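# A closer look at the structure
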Amino acid sequence: MKPLTEKDIRAAFVNCSKGEAKRLAVPHDLAERPWDDLDYLGWRDPQAPDRGYLVVELDGRPQGLALRCSSAVSGRQRRSMCSMCLTTHSGGVSLMVAPKAGKPGKQGNSVGAYICADLDCSLYVRGTKVPGPGSRLHETLTVEEKIERTVQNVAAFVAKVTASA
């Protein structure tokens, strides 16, 4: 992924108002992000743990999604699989819900997916971040094929959010 500036990120959001995009918490460490290893930029708002953000480059331009994240469930942690990168975690996957773009979103319609709670799918797929033992199922796909699958899954999620906008 090409490095993005704060201005690029704020302008990329498709499912929130310009005012909301202007007020959202953008990471301060953009210069230190491993851009070459990212398929999308994802982060959680440290001031509002129920909010997450995802910015991906599709068709040569960044598109961003504001997400609402499920809160942590106390009690026994079940293993869950991320629908983007297919990494399994014990308690490390959250239901993330994105309001649809445009009129459907204003009417309250949304799209949800189970995604790595820290939004670090790109790093899990490449093996630079390890979620724990037994987290990656044995696959015969190459790392490049896993990356492509993750990119396609993220693009499909964005397409569902922007459909009929």
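That block above? That's the structure.
A brief structural summary.

What counts and what doesn't
- Residues numbered from 1 in each chain as written.
- Predicted model: local features only at pLDDT ≥ 70, side-chain atom pairs only at ≥ 80, totals over all residues.
- Heavy atoms only, no water.
- Pairing = 2+ DSSP bridges.
- Helix = DSSP H or I, 4+ residues; strand = E, 2+ residues; numbered from the N terminus.
- Axes fitted to C-alpha atoms, helices over the stretch in contact; angles between N-to-C directions.
- Contact = heavy atoms within 4.5 Å.
- Salt bridge = Lys/Arg side-chain N within 4 Å of Asp/Glu carboxyl O.
- Buried < 20%, exposed > 50% of the residue type's maximum accessible area, 1.4 Å probe, protein only.

### Some thoughts on the sheet that holds strand 7 (residues 110-116)
On the basis of which strands lie adjacent, the open sheet formed by 5 strands has the order 1-2-3-6-7 and antiparallel pairing. Of all the strands in the sheet, just strand 1 (40-45) and strand 7 have a single pairing partner and so form its edges. Along the sheet, successive strands turn relative to each other by an average axial angle of 30 degrees, direction set aside. With 6 bridges connecting them, strand 1 and strand 2 (residues 48-58) associate as antiparallel partners. Bridge pairing in strand 2 places D45 opposite A48.

### Examining the side chain of H89
Within the secondary structure layout, H89 lies in strand 5 (residues 88-90). Contact partners of H89, with chain neighbours within four places excluded, come to R78, R79, S80, C116, Y124 and P131.

### Some words on the pattern of salt bridges
In this structure the tally under the stated criterion is 8 salt bridges. Of the charged contacts in the structure, one is a salt bridge between E6 and R10, with a shortest N-O distance of 2.8 Å. A residue pair is termed a helical-turn pair when its members lie 3 or 4 positions apart in one helix, as E6 and R10 do in helix 1 (residues 6-12) at 4 residues. In this structure, D118 engages K129 in a salt bridge whose closest nitrogen and oxygen atoms are separated by 2.9 Å. Linking D118 in the loop between strand 7 and helix 4 (121-126) with K129 in the loop between helix 4 and helix 5 (143-162), this pair joins segments that are 11 residues apart in sequence. Take D118: its relative accessible area is 28%, and that puts it in the partly exposed class. Looking at K129, the relative accessible area reads 30%, which means it is partly exposed.

### Here we look at unusual backbone geometry
In this structure, D59 is a non-glycine residue whose phi angle is positive, near 55 degrees. Here D59 is to be found in the loop between strand 2 and strand 3 (61-69). With a relative accessible area of 80%, D59 lands in the exposed category. If you check the backbone angles, L119 has positive phi at about 60 degrees while not being a glycine. Tracing the sequence through the fold places L119 in the loop between strand 7 and helix 4.

### Some thoughts on the environment of L41
Position of L41 among the secondary structure elements: in strand 1. Here the alpha-carbon distance between L41 and P3, two residues 38 residues apart in the chain, equals 9.3 Å.

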